[in-house]
Structure formats: C-alpha cells, structure tokens
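# Working through the structure, step by step
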Amino acid sequence: ASTSLTLIISKWKYLIFRPDGSKTQTQADLIVGCDGAFSAVRKQFLRRSRFNYSQTYIPHGYMELTMPPRNGEFAMKPNYLHIWPRNTFMMIALPNLDKTFTCTLFMPFEEFEKISTGDEVIEFFQKYFPDAIPLIGAATLRRDYFRLPAQAMVSVKCSPYHIGDKCVLMGDAAHAVVPFYGQGMNAGFEDCIVFDEIMNQFNEDFSAVLPEYSRVRVPDDHAIADLAMYNYVEVIQFLLHMLHMFFSNTLVPTLCFGFFLVFQVTFTRTRYHVAVERWHWQDKVINRGLLLGAVGAAAGGFYLLIKNPPDINKLAITAEKIWNKMADLKTPPSVGAASQI
Ligand SMILES: Cc1cc2nc3c(=O)[nH]c(=O)nc-3n(C[C@H](O)[C@H](O)[C@H](O)COP(=O)(O)OP(=O)(O)OC[C@H]3O[C@@H](n4cnc5c(N)ncnc54)[C@H](O)[C@@H]3O)c2cc1C
C-alpha cells in the first residue's frame, strides 16, 4: 500500500490517505495533477462543465519481463534495440543500468488470454521467441508471466488543462499517449519546461499562467497523441509485418521507428503540432509530385503513340488472342486437371 491522494475541487483541498489508514486534509495554493494516465485529479475535472475529454484503448496490451545479467554482464549487446517482430505482436528488450534487460511483450489481449498455465507460456516462447528462453530463464518465465496481468495502453486527450488559478494537469494525467513514438515521458518533461517559461513570462501570476499554459500546450499534446496513434496503426503494424517477413529470427540493430517525423521532434524543441503540419505539407507535396509525374508520363506516352502509331493489324491479332484466352478460362477444367489443382 502506498500514500494516495484525492482532490476535493470545490474546497481546493486535497485528502492524503496514508498506508496506516490515517488521512490528512490539506489546502494548497496550486494543485499540480501529475498522477499518471488514470489521474485522480483529472477525474475531478470530469465533473465540471466545458471540460473536453476522450480516451481510446488499443487492442494491444503489454507485459514486462526481466532478463537477468549473465556472469555480471548484459546477457545481450546493450547498444542495440533488440526486437523480435512477430507479425501482429512483438517483444523488445531495452538495457537497464543494473545490467538487466526489460523485455516488453506487446500483444493483442486476446493472445495474452490464450495463455493460462506455465507450460503454455513455455510452449508460446518456444514457438515465437525460442532464443529468449535461456536468456530469461524458463523458471522465471513461468513465474513472471503471471506476476501481473497484461497492462492496457490508453490514449487520453482533454482540454483545458487547468481550473481557474488553482489546479493544472501535467504529464500523462493531461495526455497519456500510446508508447509507439517514444515521446510520452518527453512530452511530460516538455510540459514542465513550457510551464516554467510561462511562469517567467507572467511573473508567476497563476491566473494568467494557467490559461496560457492550456492555450500553448493543448495543441502540441493532442498532436503527439495523434502521432503516437498514427505510428501504432500505420507504421508499427507495417514494420512488424515487414520485419517478420525478412528478419523473423534476427536481432535488428538500432532500428528507428517513424522515419523522419521522429527526427523532427526528438532532441529538438520543434512543437509537435508544427511537426504534424510539416508532415501534412510534405504529404501534399509528394502526392502532387506523384500526380504531376503520372500526368507527365501519360502525356508522354500519348505523344509517342501519336508520333509512332502502332500497326493496327498486329493489335487486332493481340486482341483476338486475349479473347481466346478468356474463352479458355471460362471452359471448366477436366476432372484430372481439377484434382491436380
Ligand atoms: C510500455 C511503455 C513504454 C514507454 N516508453 C516510453 C519511451 O520510450 N519514451 C518516453 O518518453 N515515454 C515512454 N512511455 C511513457 C512514459 O512512461 C510516461 O509518459 C511517463 O511515465 C508519464 O510520467 P507521469 O509522471 O506523467 O506519470 P506516471 O509515470 O504514471 O507517474 C504518476 C505517479 O502518480 C502516482 N499516483 C497515481 N495516482 C495517485 C494518487 N491518487 N495519489 C498519489 N499518487 C498517485 C503513481 O503512483 C505514479 O508514481 C512508455 C509507456 C509505456 C506504458
């Protein structure tokens, strides 16, 4: 049990529940709700009018499994992103400072639910991730798979992020995103930077800072939520399929998801909504380029056809051949031919 907090918005007080069962009521000048994707503070916002809110769960869940060190060293090379793509699901492994790897299995919930015994876990790993069994350890796998149920991934969008000059949401409490863009934590840190900048700009006057923070931050956080969902739906699913086809038993070194869009927002202060605008602009340019190319090719072909007209007699023979081929197809095959198929 840990210390938990509940907010009573009407009185601008919050209640602290301690593990020993005691509770304290405290008043605050400013309440910052940074209590994660299932925020208790945000729940209080939902009781007020003119608060916009939406949440979307994706069909995949995730489960974290630990790969211990081997002889005091990492069990696999640490400077690589280790990924086991398996069509509709995947496992990735990321190194930790204590020389363990955290292996995260992303998989549709219905697949997780098919596995209910230790033997089924080993069977599943033998089928899809055989090389991971000796690295994680069969006994550990049997135990850890059932330690916690698969966790849900939710994308939350809301606005505004503040109530008056008293309360503000930050991090996942304001904008939980699906983890396929690697920006959830970064977006939360950026909330803090932006908030700090606005605090300086408005001399720490909460009545001006909080609405400005919502005005500036909501479009960017909504944009990163969209980008992350786009990566989940389009890029990751596509990559998983392609990687599965070409490298189903290989560790892929330093793989970058999301192509250049990722580079626009990673290690930069490019605003997320600006990156999305640039992306749509690039799409438009590429589509127009493709359209122009197609029109050019058609016009060129037409011009060549007019300049060097084909022999009409040869064309007629070709047309006759096609017609005969189609007639052949319509005729049912003999019994011998059918059984061969
Ligand atoms: C599988 C996965 C992979 C991810 N990978 C990346 C990545 O590569 N890069 C990246 O940038 N982000 C990543 N993220 C997202 C990142 O983990 C989150 O965006 C980040 O942890 C959010 O931080 P937070 O402080 O807002 O919320 P949290 O980390 O959820 O912290 C909230 C805290 O509030 C506490 N709390 C909750 N309710 C109460 C209450 N009522 N009273 C008191 N305390 C409470 C919780 O115990 C917790 O300590 C990933 C997320 C997942 C699920």
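Since the structure is predicted, the reported quantities are computational estimates derived from the model, not experimental observations.

## Brief notes about the sheet that holds strand S7 (residues 89-95)
What the 5 strands build is an open sheet, ordered S6-S7-S8-S5-S9; its pairing is antiparallel. Each edge of the sheet is formed by a strand with only one pairing partner; in this case those strands are strand S6 (82-86) and strand S9 (151-159). Neighbour-to-neighbour, the strand axes of the sheet open up by a mean angle of 25°, direction not taken into account.

## Details of the UniProt feature "transmembrane region" (unreviewed entry) in the protein chain
Per the UniProt record, the feature "transmembrane region" (unreviewed entry) sits at residues 246-265 and 285-306. Helix makes up 100% of residues 285-306 and strand makes up 0%, while its end C-alpha atoms are separated by 31 Å.

## Regarding the environment of Met199
Of note, Met199 is situated in helix H7 (residues 184-201). Its 16 C-beta neighbours within 10 Å are what place Met199 among the partly exposed residues. Separated by 14 residues in sequence, Met199 and Tyr213 place their C-alpha atoms 9.0 Å apart. Once residues lying within four places of it in the same chain are set aside, the contact partners of Met199 are Glu204 and Val209.

## Points about the pairing of strand S5 (residues 52-67)
Bridging between S5 and S9 involves 8 bridges; their strand directions are antiparallel. Each bridged residue has a counterpart across the sheet, and for Tyr62 the counterpart in S9 is Gln151. Two elements, S5 and strand S8 (residues 101-108), share 8 bridges in a ladder whose sense is antiparallel. Looking at the pairing, Tyr62 lines up with Phe106 of S8.

Conventions we followed
- Residues numbered from 1 in each chain as written.
- Predicted model: local features only at pLDDT ≥ 70, side-chain atom pairs only at ≥ 80, totals over all residues.
- Pairing = 2+ DSSP bridges.
- Helix = DSSP H or I, 4+ residues; strand = E, 2+ residues; numbered from the N terminus.
- Axes fitted to C-alpha atoms, helices over the stretch in contact; angles between N-to-C directions.
- UniProt positions renumbered as here; feature names shortened; annotations may be inferred.
- Buried ≥ 20, exposed ≤ 12 C-beta atoms within 10 Å, placed from the backbone.
- Contact = placed C-beta atoms within 7 Å.

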